[in-house]
Amino acid sequence: MRIRLLQRLILSGLLAIWVGLFSTQVLHGPIYRDKAERNRTRLVHLPAARGSILDRRGIPLAEDRLHFELAILPQELQNPGETWRHLSWRVGIPAEELARRYKKGFYARFAPVTVVRDLKRETAFLLEEERAQLPGILVRPVPRRRYPLGSSGGSAIGYLGLIAPEELTKLEAYGYTLRDWVGKDGIEKVYDGILRGRDGGLHMEVNAQGKMVQQIGFLPPQRGHNLFLTVDSRLQELCYRLLEESRGALIVMNSTTGEILALVSSPSFDPQLFVDSRRSEEVRRILKDPERPFFNRAIRAMVPPGSIFKAAVAYQALREDKITPGTAFECKGQYKLGRATFRCWREEGHSFQTVSEALEHSCNVFFYNTGRRLGVEGIARAARLFRLDCPTGIDLPWEAKGLVPAAAWMKHVNRQSWREGDTLSFGIGQGALQVTPMEMLMLFNAIATNGDFPRPLLVLRAEGQDLPSRPPSGVRIPLEAAALSRVKTGLERVVQSETGTGQLALVAGIRIAGKTGTAQVSQGLPHAWFCGYAPAEHPKVSFVVFLEHGGKGGLRPAQIAGQLVATLKEMEYL
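Note that the structure is a prediction, hence the values are computed from the model and not measured.

About the criteria used
- Residues numbered from 1 in each chain as written.
- Predicted model: local features only at pLDDT ≥ 70, side-chain atom pairs only at ≥ 80, totals over all residues.
- Heavy atoms only, no water.
- Helix = DSSP H or I, 4+ residues; strand = E, 2+ residues; numbered from the N terminus.
- Buried < 20%, exposed > 50% of the residue type's maximum accessible area, 1.4 Å probe, protein only.
- Contact = heavy atoms within 4.5 Å.
- Areas by Shrake-Rupley, 256 points an atom, 1.4 Å probe, with all protein chains shown as cover.
- Pairing = 2+ DSSP bridges.
- Axes fitted to C-alpha atoms, helices over the stretch in contact; angles between N-to-C directions.
- Core = buried A, V, L, I, M, F, W, Y, C linked by side-chain atoms within 4.5 Å.
- Disulfide = S-S within 2.5 Å.
- Salt bridge = Lys/Arg side-chain N within 4 Å of Asp/Glu carboxyl O.
- Expected span 1.5 Å × (residues − 1).
- Phe/Tyr/Trp six-rings, centres within 6.5 Å; stacked < 30°, edge-to-face > 60°.
- Lys NZ or Arg CZ within 6 Å of the ring centre and 35° of its normal.
- Parallel < 35°, antiparallel > 145°, perpendicular 65-115°, else oblique.

Asks: Just checking my understanding: could you explain the overall build of the chain for this structure?
Replies: For the chain, the count of helices and strands is 20 helices and 22 strands. Counting over 574 residues, the chain shows a buried share of 53%. Summarising the internal contacts of the chain: among those between residues at least 6 apart in sequence, 69% fall at separations of at least 24. Of the roughly 27500 Å² that the chain leaves accessible, carbon and sulfur atoms contribute 53%.

Pasting the structure below:
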């Protein structure tokens, strides 16, 4: 009896072993084989270097340099607490913070988790020697972005940041992952697909101790393509210094080709802040800065143009025969409309003014009269002729477009009828009219070139890569020669005449044409403008100076314009 019971127990045990072996090797064999394979192999991510951004002379404006970072391999990490304590002592970051970074960055056991991005070279070498005692740590060289221009290049070049979940949704199909750094603004954003390289990886077999036995596969990372900009880095830095940290913008463009030689918005930001984890506090500070350093005033500021718009009004009135070159209006310092009084900036008035003289002296009363003759629709036609109601198409993100008001717009938006007083304000670039500095640059460039409206460009070419298809290179505005000639004469006199409002822009040996502007706003000092081109007889460059709440356009903006033109002459752009 006992022998039979023992036999049954043995048979039952053998049966259980057989069932277990069958389940392990047959039913669940593929699962365990896959686990064993994953324990046997490692995949190490190798990030690719990003392409450089170079100025028109080949000088780097953004480039990748080699740095070290500390990562953790989750499947090799054995003693987290002891690892965090030792790393904290070595890198100077609290153990709790290292653990938090690890937890936040973890998304798969085989994927390295970066816990320290900016590792000192000496510390990297020490940790590399200690890898045997600290299983799971990985010191790896990685490319890191460098921006030599600092804040002077921020508005044009942009900056990098880790990809956001909403961005990944759109870009995942193009090979982007959660660990990727992408362009967030400027050239870095618009041309991210060209600048971004292709990451590589190392597939290796390891033994039970996690040491590599052999290399199974290797995909080398491919560096991104270099971009050559139209910008001159020397001029870019100078323009930023000219603004002296005022709120405003300064743009310089080749009048014929549309190539942007400098584009500055002030105040700006240093793109280096976003790739240096040790400067996160500075990032938080500038994100809250009421001066809005991230706001690119050159292409996004929508403000009234003030008197610089008079050039367009003068042209349209001459073209439509509302005035002639000899038409003169008397300026006594004010203009009466019913019981309302509209003033000229010069209290004693300008006496009788023709169109060229009115541009030279920026006489409001002349343009009150001219604006009434044109009417609201005529002034709106002038604004639309020079494309102030549409973006210029410059290769930067989020460019704003101006607002050209009209009677129908007033009724629809403000629920009121257009009044004669609105027409007077419209005729001198005030009221509801809104423009960007980039749009006004293109207006004056069209005057300078007899109607050429090239598409403004920041990128000349990509090295070894075709640029993505872009809108047409430009258009030509049909401008009537006789009317344009009178406007040009007035713009030259603004600077060259002893009574012109832009005398402070005068530069010996170079004839400058331009227009000062002082645009009243509801609060604070007026916005100040100077738009122009040089040389007046054969324009090579067009430029705009805009100072937010900068006072009078004939003062500091005109001075800046003069300094700019003198430098352009020294650099042999003129």
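Asks: Could you clarify how one ought to interpret the environment of leucine 119 in this entry?
Replies: Relative to the elements of secondary structure, leucine 119 occurs in strand β4 (residues 113–119). Considered as a pair, leucine 119 and glutamate 69 are 50 residues apart in the sequence and their alpha carbons are 5.2 Å apart. Ignoring sequence-local partners within four residues, the contact set of leucine 119 consists of Phe68, Glu69, Leu70, Val91, Ala124, Leu127 and Val139.

Asks: Just to check I follow, could you spell out the sheet that holds strand β20 (residues 513–519) for this structure?
Replies: Sheet strands line up and pair through hydrogen bonds in the backbone, either parallel or antiparallel. With respect to topology, five strands assemble into an open sheet ordered β12-β11-β22-β21-β20, the strand pairing being antiparallel. The open sheet has two edge strands, β12 (260–266) and β20, and neither has a second partner. Each neighbouring strand pair of the sheet contributes to a mean axis angle of 5°, computed without reference to strand direction. By the bridge criterion, seven bridges tie β20 to strand β21 (residues 527–534) in an arrangement that is antiparallel. Considered in β21, the bridge of alanine 513 is made with tyrosine 533. Of the strands in this sheet, β11 (248–254), β12, β20, β21 and β22 (541–547) touch helix α18 (residues 437–448), which is tilted by about 35° from β21.

Asks: Hey, could you run me through the nonpolar core in this one?
Replies: In summary, soluble globular proteins display a tendency toward joint burial of nonpolar side chains. Counting residues in hydrophobic clusters, the biggest one holds 94 residues, and the most contacted among them are Phe386 and Trp529. Considering each element in turn, this core owes the most residues, 11 residues, to helix α15 (residues 364–385).

Asks: So what exactly am I meant to see when it comes to the state of the cysteines here?
Replies: Defined simply, a disulfide is a covalent bond joining two cysteines at their sulfur atoms. The full count for this structure, using the stated rule, is zero disulfides. Its sulfur unpaired, cysteine 344 is 3.9 Å from the next cysteine sulfur, which belongs to cysteine 331. By relative accessible area, cysteine 344 is classed as buried at 6%.

Asks: Please clarify how the environment of phenylalanine 386 should be interpreted in this entry.
Replies: Within the element layout of this structure, phenylalanine 386 appears in the loop between α15 and α16 (407–413). Along the primary structure phenylalanine 386 and asparagine 445 are separated by 59 residues, whereas in three dimensions their C-alpha atoms are 10.0 Å apart. Phenylalanine 386 has contacts with Ala312, Tyr315, Leu443, Ala446, Ile447, Phe453, Ile477 and Leu479, leaving out every residue within four places of it along the chain.

Asks: I would appreciate a short explanation of the pattern of salt bridges in the present structure.
Replies: Opposite charge on two side chains permits them to pair, given that their charged atoms come into close proximity. Inspection of every chain in the model, using the stated rule, returns 28 salt bridges. Here glutamate 259 ties to arginine 56 by a salt bridge, and the two come within 3.1 Å at their closest N and O atoms. One end of the pair, glutamate 259, is in the loop between β11 and β12; the other, arginine 56, is in the loop between β2 (53–54) and β3 (60–72), and 203 residues separate them in sequence. With relative accessibility at 29%, the residue arginine 56 sits in the partly exposed group. For aspartate 64, the salt bridge identified is with arginine 145, shortest N-O distance 3.1 Å. Of this pair, aspartate 64 sits in strand β3 while arginine 145 sits in strand β5 (residues 137–146), and the two are 81 residues apart along the sequence. A residue is classified by how much of its surface remains accessible, and arginine 145, at 3% relative accessible area, is buried.

Asks: Help me understand helix α20 (residues 556–570), please; the structure alone is not making it clear to me.
Replies: Because the α-helix completes a turn every 3.6 residues, residues three or four places apart line up on one side. With 15 residues, α20 ought to run about 21 Å at 1.5 Å a step, and its terminal C-alpha atoms sit 21 Å apart, in line with that. Buried residues along α20 sit against α10 (233–243), β11, β21 and β22. Once α20 finishes, glutamate 572 follows within two positions and takes phi at roughly 65°, a positive value.

Asks: Mind showing me how you'd approach the packing of aromatic side chains here?
Replies: This structure, assessed with the given rule, holds 18 aromatic pairs. The interplanar angle of 65° and the centroid separation of 5.2 Å between the aromatic rings of phenylalanine 329 and phenylalanine 366 together place this pair among those described as edge-to-face. Of the two residues, phenylalanine 329 is situated in strand β13 (residues 329–331) and phenylalanine 366 in helix α15; the sequence distance between them amounts to 37 residues. Exposure remark for phenylalanine 329: the relative accessible area of 10% places this residue in the buried category. Pairwise contacts between aromatic rings join Tyr159, Phe269, Phe274 and Phe294 into one cluster. Over the ring of phenylalanine 295 we find arginine 292; its NZ or CZ atom is 4.2 Å from the centre of that ring. It is arginine 387 that lies over the ring of phenylalanine 453; its NZ or CZ is 5.1 Å from the centre.

Asks: Just to check I follow, could you spell out the packing of α15 against helix α17 (residues 420–427) for this structure?
Replies: The geometry of a pair of packed helices is captured by two quantities: the angle between their axes and the separation between those axes. Packing of α15 against α17 leaves a shortest axis separation of 8 Å and a crossing angle of 100°. Classified by the interaxial angle, the pair formed by α15 and α17 is roughly perpendicular. Only Glu420, Thr423, Leu424, Phe426 and Gly427 of α17 make contact with α15, whose side of the interface consists of Phe367, Tyr368, Gly371, Arg372, Gly375, Val376, Ile379 and Ala380.

Asks: Looking at this structure, how should I read the environment of glutamine 236?
Replies: Relative to the helices and strands, glutamine 236 resides in helix α10. For the pair formed by glutamine 236 and serine 152, sequence separation is 84 residues and the distance between their alpha carbons is 6.7 Å. Residues within four places of glutamine 236 in sequence aside, it is in contact with Leu149, Ser152, Gly153, Ala156, Val231, Ala262, Leu263 and Val264.

Asks: Looking at this model, I keep getting lost on the pairing of strand β14 (residues 334–337). Mind explaining?
Replies: Remark: a regular strand shows side chains that alternate across the two faces of the sheet. Side chains of β14 alternate between two faces, with Tyr335 and Leu337 buried and Gln334 and Lys336 left unburied. Bridge count for β14 against strand β15 (residues 340–343) is four bridges, and the pairing is antiparallel. Each bridged residue has a counterpart across the sheet, and for leucine 337 the counterpart in β15 is alanine 340. Once β14 ends, the chain turns through two residues before running back antiparallel as β15, passing glycine 338 with a positive phi of about 65°.

Asks: Would you explain unusual backbone geometry in this entry?
Replies: Leaving glycine out, the prevailing phi sign among residues is negative, and the prevailing peptide bond configuration is trans. Here the residue pair serine 266 and proline 267 is connected by a cis peptide bond, since its omega of -5° sits within 30 degrees of zero. One can find proline 267 in the loop between β12 and α11 (280–287). The linkage connecting alanine 534 with the following residue, proline 535, adopts the cis geometry, with an omega of -15°. Tracing the chain through its elements places proline 535 in the loop between β21 and β22. In this model, serine 362 sits at a positive phi of 55°, which is unusual for a non-glycine residue. Within the secondary structure layout, serine 362 lies in the loop between α14 (355–361) and α15. You can call serine 362 buried: its relative accessible area is 4%.

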